[in-house]
Amino acid sequence: MAIDRKELKAAAKQQISGNIATYFGLNIVLGLILSASAVSFIGPIILAGPLQLGLVLFMMQVVRKGEGEFGTGFKGFNYFGSSFIAGLLMSIFICLWTLLFYIPGIIAALRYSMTFYILADNPELSGYDAIKKSKEMMIGHKWELFVLLLSFFWWYVLGAITLGLAYIYVQPYVDATLVNYYEKLKAEQNTAKAE
């Protein structure tokens, strides 16, 4: 089942309406926490996974319920162990593949891209199991996701031209589109299991 990029992106534009200010504020706070943790080399390594999961949980709430709550961005810490392991293992695996060449590194990043979405929906999973499920989910979809991400190229150019100002809109737009993409993959996977 091929995805409709225009449909995913149109839905994302509607979903982020009214949520951009909360998303922006949440990113500033989480960014400050990550920056403060950088006083120690290990700080960002420890916090990256839970913070990433928190952002995914927030954006899932936006997409599914129409409004994201600021506090949701910190719920990744409720699953600290699994989100930390997921983030750490993803970083290690992607770095190792990148050592071979850039293209295997990009493929690895696409392969593991659904890890935090899966973890958000299945908090009982270990970080490693979420990575394994992401690999399964992305079979036959890596190129599709690459093209979807590439479709935001000019939006990122606009962000650079405006010295980052446009990213206030662009980043939640991209993140909501990725949640919509995950929802499509999940529905496709559930349909395949039922058949």
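What comes next concerns the included structure. Here the residue numbers are simple positions, counted from 1 along each chain's written sequence. Local features in this predicted model are restricted to residues of pLDDT 70 or higher, and side-chain atom pairs are both shown and tallied only at a pLDDT of 80 or more, whereas totals for entire chains, interfaces and linings draw on every residue. Side-chain measures were taken over the full set of non-hydrogen atoms in the model, leaving aside hydrogen atoms and water.

Digging into the overall build of the protein chain
By definition, any uninterrupted DSSP run of H or I lasting at least four residues is a helix, any uninterrupted run of E lasting at least two residues is a strand, and each is numbered from the N terminus. Summing up its helical and strand segments, the protein chain has 10 helices and zero strands in all. Overall, the protein chain shows an N-to-C arrangement of helices and strands of α-α-α-α-α-α-α-α-α-α. Relative to a compact globule of 195 residues, whose C-alpha radius of gyration would be 16 Å, the protein chain shows 16 Å and is just as compact. Based on the C-alpha atoms only, the size of the protein chain along its principal axes is roughly 50 × 35 × 35 Å. Any two residues whose heavy atoms approach within 4.5 Å are treated as being in contact. Put simply, of all contacts in the protein chain between residues at least 6 apart along the chain, 69% involve residues at least 24 apart. Residue burial considers only the protein chains on display, and all accessible areas are found by Shrake-Rupley using a 1.4 Å probe. A total of about 10,500 Å² of accessible surface is found on the protein chain, and carbon and sulfur atoms cover 67% of it. Asp and Glu are treated as the negative residues and Lys and Arg as the positive ones, with His and the ends of the chain left uncounted. We put the charge of a Lys on NZ, of an Arg on CZ, of an Asp on CG and of a Glu on CD. Considering the protein chain, the positive charge centre built from 15 side chains and the negative charge centre built from 13 side chains are found 4 Å apart. Radius of gyration here uses only the C-alpha atoms, and the compact-globule reference equals 2.2 Å multiplied by the residue count raised to the power 0.38.

Focus on the pattern of salt bridges
Pairs can form between side chains of opposite charge once their charged atoms are near each other. Note on definitions: salt bridges are taken to be side-chain nitrogens of Lys or Arg within 4 Å of carboxyl oxygens of Asp or Glu. As enumerated under the stated definition, the model contains six salt bridges in all. Here Lys-184 and Glu-7 are joined by a salt bridge, their closest N and O atoms 2.9 Å apart. Of the two residues, Lys-184 is situated in helix α10 (residues 167-194) and Glu-7 in helix α1 (residues 5-16); the sequence distance between them amounts to 177 residues. Only protein chains enter the accessibility calculation, which uses a 1.4 Å probe. A residue is then buried if its area is under 20% of the maximum for its type, exposed if over 50%, and partly exposed in between. Under the relative-accessibility criterion, Lys-184 is labelled partly exposed at 32%. We classify Glu-7 as partly exposed; its relative accessible area is 41%. Residue Arg-64 is joined to Asp-121 by a salt bridge in which the shortest nitrogen-to-oxygen separation is 2.9 Å. Of this pair, Arg-64 sits in helix α3 (residues 43-65) while Asp-121 sits in helix α6 (residues 115-121), placing them 57 residues apart in sequence. Under the relative-accessibility criterion, Asp-121 is labelled partly exposed at 25%.

Concerning the nonpolar core
Among the buried residues, those of types Ala, Val, Leu, Ile, Met, Phe, Trp, Tyr and Cys that are joined through side-chain atoms within 4.5 Å form a nonpolar core. Met-114, Tyr-117, Leu-145 and Tyr-181 are the most contacted members of the largest nonpolar core, which totals 47 residues. A total of 11 residues in this core trace back to one element, the largest contributor, which is α3. Ignoring sequence-local partners within four residues, the contact set of Leu-145 consists of Leu-110, Ser-113, Met-114, Met-138, Leu-178 and Tyr-181.

Details of the packing of helix α5 (residues 102-111) against helix α8 (residues 142-150)
In contact at an axis separation of 9 Å, α5 and α8 are set at 95 degrees when each is read in the N-to-C sense. If you check the angle between α5 and α8, you find them roughly perpendicular. Contacts between α5 and α8 involve Ile-106, Ile-107, Leu-110 and Arg-111 on the former and, on the latter, Lys-142, Leu-145, Phe-146 and Leu-149. For this classification, the nonpolar set comprises Ala, Val, Leu, Ile, Met, Phe, Trp, Tyr, Cys and Pro, the charged set comprises Asp, Glu, Lys and Arg, and every other residue, Gly included, is treated as polar. Of the residues that constitute the contact of α5 with α8, the class distribution is six nonpolar, no polar and two charged. To get an axis, fit a line to the C-alpha atoms, keeping to the stretch in contact for a helix; angles then go from 0 to 180 degrees between the N-to-C directions. Roughly parallel means an angle under 35 degrees; roughly antiparallel, over 145; roughly perpendicular, 65 to 115; everything else is oblique.

As for the environment of Lys-65
Here Lys-65 lies in helix α3. Separated by 65 residues in sequence, Lys-65 and Ala-130 place their C-alpha atoms 24 Å apart.

Some details on the side chain of Asn-19
With respect to the secondary-structure elements, Asn-19 resides in the loop between α1 and α2 (20-37). Since its relative accessible area comes to 3%, Asn-19 is described here as buried. N or O atoms within 3.5 Å of each other form a polar contact, as long as, within protein, one can give a hydrogen and the other can take it, and as long as residues adjacent in sequence are counted only when both atoms are side-chain atoms. Here Gln-15 takes part through its backbone oxygen, which lies 3.1 Å from a polar atom of the side chain of Asn-19. A polar contact is formed between the side chain of Asn-19 and the backbone nitrogen of Gly-68, at a distance of 2.9 Å. Apart from the residues within four sequence positions on either side, Asn-19 is in contact with Phe-58, Val-62, Gly-66, Glu-67 and Gly-68.

As for unusual backbone geometry
Phi at Leu-163 takes a positive value of approximately 55 degrees, unusual for a residue other than glycine. Relative to the helices and strands, Leu-163 is located in the loop between α9 (153-161) and α10. A relative accessible area of 81% places Leu-163 in the exposed class.

These figures come from the coordinates and say nothing about function on their own.
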